[in-house]
Amino acid sequence: MNRFHEKVVLITGGGSGLGADAAKQLASEGAKLSLADLNKEGLEETKKTILKDFPDAAIHTITANVAHEEEVSSFVNETVKTFGKIDAFFNNAGIEGKQNLTEDFGEEEFNRVVSINLNGVFFGMMHVLKVMRKQGYGSIVNTASVGGIRGVGNQSGYAASKHGVVGLTRNSGK
Ligand SMILES: NC(=O)c1ccc[n+]([C@@H]2O[C@H](COP(=O)([O-])OP(=O)(O)OC[C@H]3O[C@@H](n4cnc5c(N)ncnc54)[C@H](O)[C@@H]3O)[C@@H](O)[C@H]2O)c1
């Protein structure tokens, strides 16, 4: 299958788990990949694994924190500079956060989880949508969770942030 031949796909959280697996699958179908993650070693591992099976794959890696708007802006710009466009964006980086009762969850941990899982997804959409509106095409897939449609015990930050991702996604029409 070559469904993604010449397509440029940007993935956050490409250094592990769902992001790394999606990257491998997309490379197998011909995509050019721009992978962003906080974890530099994880990115290198994903790249190495893909190149082992697909030596001609075009892969650009960027170490960045999605919770920082200026870093998101940078990796979106860098992707366009490298590949000329963004056909698809897998807005996927996220963390589970610590488990605790809401009253004991703590402001710092709540802010940490929300800043990555929700602010990070918002910053990604904000910057990539500008590129896609200009291009006149493009697709975005945001990773939420079952925790985005119902409560998950002892995970206030996760449930609140993932409900936010579902809301953001529903709210992103014209
Ligand atoms: N695995 C599951 O069962 C499951 C279920 C529902 C939703 N999810 C969601 O799927 C997404 C991917 O999760 P996963 O299971 O692959 O986890 P994972 O931990 O394997 O991968 C997440 C990646 O995101 C990166 N990351 C974390 N914080 C970051 C930041 N601030 N900036 C940039 N990169 C950052 C990590 O370094 C890691 O490489 C997450 O949004 C997660 O909430 C996962």
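Residues numbered from 1 in each chain as written. Predicted model: local features only at pLDDT ≥ 70, side-chain atom pairs only at ≥ 80, totals over all residues. Heavy atoms only, no water.

J.: Go over the packing of aromatic side chains with me, naming the residues and quoting the values.
T.: A complete count under the given rule lists two aromatic pairs for this structure. Judged by centre distance (6.4 Å) and plane angle (80°), the rings of Phe105 and Phe110 are edge-to-face. Note on Phe105: relative accessible area 8%, which makes it buried. Between Phe122 and Phe123, the aromatic rings sit 6.0 Å apart at their centres with planes inclined by 55°, giving tilted as the arrangement. Judged by relative accessible area, which is 38%, Phe122 ranks as partly exposed. (Phe/Tyr/Trp six-rings, centres within 6.5 Å; stacked < 30°, edge-to-face > 60°. Buried < 20%, exposed > 50% of the residue type's maximum accessible area, 1.4 Å probe, protein only.)

J.: So what about the side chain of Asn65? Which residues, and what values?
T.: Here Asn65 lies in the loop between β3 (59-63) and α3 (69-83). A polar atom in the side chain of Asn65 sits 2.9 Å from the backbone nitrogen of Ala67. In this view, Asn65 contacts Leu38, Glu71 and Val72; residues no more than four positions away in its chain are not counted. (Helix = DSSP H or I, 4+ residues; strand = E, 2+ residues; numbered from the N terminus. Polar contact = N/O pair within 3.5 Å; in protein donor to acceptor, adjacent residues only side chain to side chain. Contact = heavy atoms within 4.5 Å.)

J.: Outline the sheet that holds strand β1 (residues 8-12), supporting the account with residue identities and numerical values.
T.: One open sheet holds the five strands; their spatial order is β3-β2-β1-β4-β5, and the pairing between them is parallel. Each end of this open sheet is capped by a strand with a single partner; those strands are β3 and β5 (139-142). Pairs of neighbouring strands in the sheet enclose a mean axial angle of 10°, with direction left out of account. Examined bridge by bridge, strand β2 (residues 32-37) and β3 share five bridges and lie parallel to one another. If you follow Ser34 over to β3, its bridge partner there is His60. Across the sheet, helix α1 (residues 17-28) is in contact with β1, β2 and β4 (88-91); its angle to β1 comes to roughly 165°. (Pairing = 2+ DSSP bridges. Axes fitted to C-alpha atoms, helices over the stretch in contact; angles between N-to-C directions.)

J.: Account for the pairing of β2, with residues named and values stated.
T.: Burial analysis of β2 places five of its six residues in the buried class, which makes it a mostly covered element. Following the backbone out of β1, through α1 and into the adjacent parallel β2, one traces a crossover that is right-handed. Viewed along the sheet, the connection from β2 through helix α2 (residues 40-53) into β3 turns out right-handed. (Right-handed = clockwise from strand over helix to strand, strands pointing away.)

J.: Kindly report on the pattern of salt bridges, identifying the contributing residues and their values.
T.: Inspection of the entire model under this criterion finds seven salt bridges. Here Glu109 makes a salt bridge to Arg112, at a shortest N to O gap of 2.9 Å. Taken together, the residues Glu109 and Arg112, both in helix α5 (residues 107-135) and three residues apart, mark about one turn of the helix. (Salt bridge = Lys/Arg side-chain N within 4 Å of Asp/Glu carboxyl O.)

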